[in-house]
Amino acid sequence: MEEKLIGSKTVEQWEKEIPILADAAALRETFWINPHYKKGKAELSLCGVSPADMDDASARLTRFAPFIARAFPETEKNKGIIESPLQEIPAMLDFLKKDRGVQIRGRLLLKCDNLLPISGSIKARGGIYEVLAHAEKLALERGMLKESDSYDVLLENSFHNFFRTRELAVGSTGNLGLSIGIMGARLGFKTTVHMSADARQWKKDLLRSKGVTVVEYDADYSKAVEEGRKLAGPGCHFVDDENSKTLFLGYSVAALRLKTQLEALRIPVDAEHPLFVYLPCGVGGGPGGVSYGIKRVFGSAAHCFFAEPTHAPCMLLGLVTGLQDKVCVGDFGIDNKTCADGLAVGRPSSFVGGVMDTLLSGEVTVSDEQLYYLVHELADRENLWLEPSATAGFMGPPGLYGSEAGKAWLGEQFGGAAGTGNATHLVWATGGSMVPAAEMRKYYEMGKGA
Ligand SMILES: *Cc1c(COP(=O)(O)O)cnc(C)c1O
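Just checking my understanding: could you explain the packing of aromatic side chains for this structure?
The geometry of an aromatic ring pair is captured by the separation of the ring centres together with the interplanar angle, meaning the angle of the planes. For the structure on display, the rule yields 17 aromatic pairs. Ring centres of Tyr278 and Phe305 lie 5.6 Å apart, and the angle between their planes is 20°; this geometry places the pair in the stacked category. You can see Tyr278 sitting in strand β8 (residues 275-280) and its partner Phe305 sitting in strand β9 (residues 302-309), a full 27 residues away along the chain. The residues Tyr278 and Phe305 share a single accessibility class, namely buried. These aromatic residues form a ring-pair network of at least three members: Phe31, Phe276, Tyr278, Phe305, Trp409 and Phe414. The ring of Trp14 carries the charged tip of Lys9 above its face, separated from the ring centre by 4.2 Å.

Here is the structure:
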């Protein structure tokens, strides 16, 4: 029998040549440093999105703020800007050091996207942005709207009646569907969400209660996207999580806001005060967009690391093999079954993989047991409640300071761990506040004494 080739090699050849692939296939937790990383900002313009596009996205969100403030009263106090707090979490830092027996230097912050208004996850950045960008485009083309208008006019019936004749669709493991569905329905769009088998019941129920059509699949995320894409007719706007530059730009704006928040806390970011950011990764758009923004804003003073479940390390496989979306976790015998909503993705975005190939500093992978454990410990120590996927980034600092690969890299970059005494470690919490209390309780219990 002829052996199956992945790219030009067999699994055995890959695993022999690049040991981290053997670790990944064996579901071992790993820490990886990206050998293709390039210093400097030149790479930012090579990927089909530009820093100017990011400013454009930021300005668009500002135009929509008067609409958002009125349509979603919980955003009123922040004047219709959908943003989350940044918080120092010293007790969690102590826990990580003790639990892992690792001397982590610098301080630990949490970016609380679990508290983002409207949809309670990082998808409230990209997903909502793409719906708004599409609505604006349609209304401008129709001559119903000018960029100089106060966008709360979008609440008027004439707009609702117009958008009602237009269709939106998306394929999702849940959280993107929530963002697209909630905002799409609020503007009036006929919205369909194609949900993968792992999507939670409460998300489907919530969307249906808002008049969104939910189509359920007995298959994984890639299939839900593929079917959704196929079923979307010519007049339908399909939000393409695997390829959308609009989504990506919506996420990237986070970095401009982060800069302001760090300044308010008087936390410098420069060569002597490096910033390490750890982001949970599914298909890649969210963490990729945010990282792109961070590299634009902070340059080589910032280092971005992705975190993936051991059962779904699709971006790691895509980057390590260089095959991007031509490889999936199943090729390495990995089952793509994880408790981490939003991260249960078997095949990465090739667009994002291409962008991150030279911008990403590294990756960490995390077991499901560890994710539950982190949910439990974060709740006990900081009274912060995240969904399991949102805790993946916490394994970044222990990986960086505790693994051979991490230690070698710290040696090269900073002359050793001690050179990062002024560092800021930022874990990006990507979701949690919409999770029903009973469900959250279950996560918490699952992590007891793991
Ligand atoms: C979607 C999601 C991510 C990752 O975003 P991708 O764009 O799929 O990489 C991380 N955490 C949570 C909670 C998510 O919903």
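What exactly am I supposed to notice about the site of the ligand here?
As a structural note, the neighbourhood of the ligand is formed by 15 residues, with Lys123, Asn175, Gly284, Gly286 and Thr430 the closest of them. Within the backbone of Gly284, one N or O atom sits 2.7 Å away from an oxygen atom of the ligand. Taking 370 Å² as the accessible area of the ligand by itself, protein coverage stands at 98%. It is helix α12 (residues 285-298) that contributes the most residues to the shell around the ligand, three residues altogether. Partitioning the shell around the ligand into residue classes produces five nonpolar, eight polar and two charged.

How do you make sense of the nonpolar core when you look at a structure like this?
When a protein is soluble and globular, its nonpolar side chains tend to lie buried together. One finds Phe67, Phe163, Met183, Leu187, Ile294, Phe394 and Trp428 to be the most contacted residues of the largest nonpolar core, which totals 149 residues. If one sorts the elements of this core by residue count, helix α5 (residues 123-141) sits on top with nine residues.

For this particular structure, what's the right way to read helix α3 (residues 51-71)?
For α3, which comprises 21 residues, the first-to-last C-alpha distance of 30 Å matches the rise-based estimate of 30 Å (1.5 Å per residue) to within 8%. The axis of α3 is deflected most strongly, by about 45°, at Ala65, and proline Pro66 appears within four residues downstream. Along α3, the positions that sit buried rather than exposed are Met54, Ala57, Ser58, Arg60, Leu61, Arg63, Phe64, Ala65, Phe67, Ile68, Ala69 and Ala71.

For this particular structure, what's the right way to read the sheet that holds strand β7 (residues 236-239)?
Within a sheet, adjacent strands bond to each other through the backbone by hydrogen bonds, running parallel or antiparallel. Strands sit in the order β6-β5-β4-β7 across an open sheet of four strands; the sheet is parallel. Edge positions in the sheet fall to β6 (213-216) and β7, since each has one partner strand and no second. Each strand axis lies, on average, 20° off the axis of its neighbour in the sheet, ignoring direction. Bridging between strand β5 (residues 190-195) and β6 involves four bridges; their strand directions are parallel. Bridging across to β6, Val193 finds its partner in Val214. Across the face of the sheet, helix α8 (residues 201-209) comes into contact with β5 and β6 while running at roughly 150° to β6.

I keep staring at the side chain of Lys204 and nothing clicks. Help me out?
Assignment of secondary structure puts Lys204 in helix α8. By relative accessible area, which is 6% here, Lys204 ends up buried. Apart from residues no more than four positions distant in its own chain, Lys204 is found in contact with Met195, Ala199, Val214 and Glu216.

Whenever I open this one, the sheet that holds β8 confuses me. Can you help?
Strand order in the open sheet formed by seven strands is β1-β10-β9-β8-β11-β3-β2, with mixed pairing between adjacent strands. The open sheet has two edge strands, β1 (31-33) and β2 (86-88), and neither has a second partner. Between one strand axis and the next, the sheet turns through 25° on average, direction left out of account. Sheet topology note: the β8/β9 ladder contains six bridges and is parallel.

Help me understand helix α4 (residues 90-100), please; the structure alone is not making it clear to me.
Every α-helix carries 3.6 residues per turn, so stepping three or four residues along brings you back to the same face. By the burial criterion, the buried members of α4 are Met92, Leu93, Phe95 and Leu96. Viewed end-on, α4 has its buried residues packed into an arc of 160°, placing them on one side of the element. Tucked into the core, α4 has its buried residues touching β3 (107-112), α15 (368-382) and α16 (396-402).

About the cut-offs
- Residues numbered from 1 in each chain as written.
- Predicted model: local features only at pLDDT ≥ 70, side-chain atom pairs only at ≥ 80, totals over all residues.
- Heavy atoms only, no water.
- Phe/Tyr/Trp six-rings, centres within 6.5 Å; stacked < 30°, edge-to-face > 60°.
- Helix = DSSP H or I, 4+ residues; strand = E, 2+ residues; numbered from the N terminus.
- Buried < 20%, exposed > 50% of the residue type's maximum accessible area, 1.4 Å probe, protein only.
- Lys NZ or Arg CZ within 6 Å of the ring centre and 35° of its normal.
- Near = heavy atom within 4 Å.
- Polar contact = N/O pair within 3.5 Å; in protein donor to acceptor, adjacent residues only side chain to side chain.
- Areas by Shrake-Rupley, 256 points an atom, 1.4 Å probe, with all protein chains shown as cover.
- Nonpolar A, V, L, I, M, F, W, Y, C, P; charged D, E, K, R; others polar.
- Core = buried A, V, L, I, M, F, W, Y, C linked by side-chain atoms within 4.5 Å.
- Expected span 1.5 Å × (residues − 1).
- Bend = angle between axes of the 7 residues up to and from the residue.
- Pairing = 2+ DSSP bridges.
- Axes fitted to C-alpha atoms, helices over the stretch in contact; angles between N-to-C directions.
- Contact = heavy atoms within 4.5 Å.
- Arc of directions from axis to C-beta.

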